[in-house]
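Residue-level structural notes
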Amino acid sequence: MVKSKVLNESAYISELAIHGMQEKKGNDLVRLDLRSVNSSVADYFVICHADSATQVKAIANSVEEEIYKAMQQDPWRKEGLEHGEWILLDYIDVVIHIFRTDKREFYGVEDLWGDAEIKSYKSA
């Protein structure tokens, strides 16, 4: 019973993250469902990219605001804010990756989790 509540919460956080990305025109939004992947570190990865460091930071701020408004929850950990090339927001069961376009292509995070179910979302 508790497990399904946690999974529902992580799915909800991932949807909030996607909405925050759409608000700031994130590109190629995807959600990787990692729940059925044995060695996964989270339930979901939510990924997008933007063409400038300024937009990457704006998307990260939007995601944080959306999740905080709905859940009163801050990320457990944040990385990459100073450079804005790859910002990671860690909500334990949901990890959000916001890349600058060239960095997303270089690191290919989606390729590392090829067993995950991938769902694409339209930019707003």
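An account of the accompanying structure is given in this report. Everything quoted here is computed from the prediction, not taken from an experiment. (Residues numbered from 1 in each chain as written. Predicted model: local features only at pLDDT ≥ 70, side-chain atom pairs only at ≥ 80, totals over all residues. Heavy atoms only, no water.)

Describing the packing of aromatic side chains
The geometry of an aromatic ring pair is captured by two quantities: the separation of the ring centres and the angle between the planes. Within the structure shown, the criterion is met by 4 aromatic pairs. Seen in terms of ring centroids, Phe106 and Tyr107 are 5.0 Å apart; in terms of plane orientation they differ by 90°. Their pairing is edge-to-face. Through pairs of rings, three or more aromatic residues link up here, namely Trp86, Phe99, Phe106 and Tyr107. (Phe/Tyr/Trp six-rings, centres within 6.5 Å; stacked < 30°, edge-to-face > 60°.)

Considering the pattern of salt bridges
Considering all chains together, one arrives at 9 salt bridges under this definition. The shortest N-O distance in the salt bridge between Glu15 and Arg31 comes to 3.1 Å. Here the residue Glu15 occupies a position in helix 1 (residues 2-23), and Arg31 occupies one in strand 1 (residues 27-33), the gap between them amounting to 16 residues. One salt bridge connects Asp33 with Arg35, and the closest N-O pair in it is separated by 2.5 Å. Linked through salt bridges whose partners overlap, the residues forming this network are Glu85, Arg100, Asp102 and Lys103. (Salt bridge = Lys/Arg side-chain N within 4 Å of Asp/Glu carboxyl O. Helix = DSSP H or I, 4+ residues; strand = E, 2+ residues; numbered from the N terminus.)

Focus: the environment of Lys119
The residue Lys119 is located in strand 6 (residues 117-121) in this model. We classify Lys119 as partly exposed; its relative accessible area is 40%. Not counting the four nearest positions on each side in its chain, Lys119 is found in contact with Leu29, Val30 and Arg31. (Buried < 20%, exposed > 50% of the residue type's maximum accessible area, 1.4 Å probe, protein only. Contact = heavy atoms within 4.5 Å.)

Observations concerning the nonpolar core
In terms of nonpolar packing, the biggest core is built from 23 residues, with Met21, Val63, Ile67, Leu89, Ile96 and Ile98 touching the most fellow members. Looking at this core element by element, the count peaks at 6 residues for helix 1. Excluding anything up to four places from it in sequence, Met21 contacts Gly26, Leu29, Val46, Ile47, Cys48, Ile59, Val63, Ile96, His97 and Ile98. Core analysis: the second largest hydrophobic core is formed by 13 residues, Val30, Phe45, Ile47 and Phe99 among them. (Core = buried A, V, L, I, M, F, W, Y, C linked by side-chain atoms within 4.5 Å.)

A closer look at helix 2 (residues 53-71)
Here helix 2 is 19 residues long and its end C-alpha atoms lie 27 Å apart, about the 27 Å a rise of 1.5 Å per residue gives. Every buried residue of helix 2 is accounted for by Val56, Ile59, Ala60, Ser62, Val63, Glu64, Glu66 and Ile67. Phi for Gln72, located one or two positions after helix 2, is positive at around 50°. (Expected span 1.5 Å × (residues − 1).)

Comments concerning the sheet that holds strand 1
Strand order across the open sheet formed by 6 strands is 3-4-5-2-1-6, with mixed pairing between neighbours. Here the strands that pair on one side only, and so sit at the sheet edges, are strand 3 (77-79) and strand 6. Across the sheet, the mean angle separating the axes of adjacent strands is 15° when strand polarity is ignored. The strands touched by helix 2 are strand 2 (44-50), strand 3, strand 4 (86-90) and strand 5 (94-100); relative to strand 5, the strand with the most contacts, the crossing angle is about 160°. (Pairing = 2+ DSSP bridges. Axes fitted to C-alpha atoms, helices over the stretch in contact; angles between N-to-C directions.)

So, the environment of Asp51
Relative to the helices and strands, Asp51 is located in the loop between strand 2 and helix 2. Assessed through its relative accessible area of 59%, Asp51 is described here as exposed. Separated by 35 residues in the primary sequence, Asp51 and Leu16 place their C-alpha atoms 22 Å from one another. Contact partners of Asp51, with chain neighbours within four places excluded, come to Asn27, Arg100 and Thr101. A distance of 2.7 Å separates the side chain of Asp51 from the side chain of Thr101, its partner in a polar contact. (Polar contact = N/O pair within 3.5 Å; in protein donor to acceptor, adjacent residues only side chain to side chain.)

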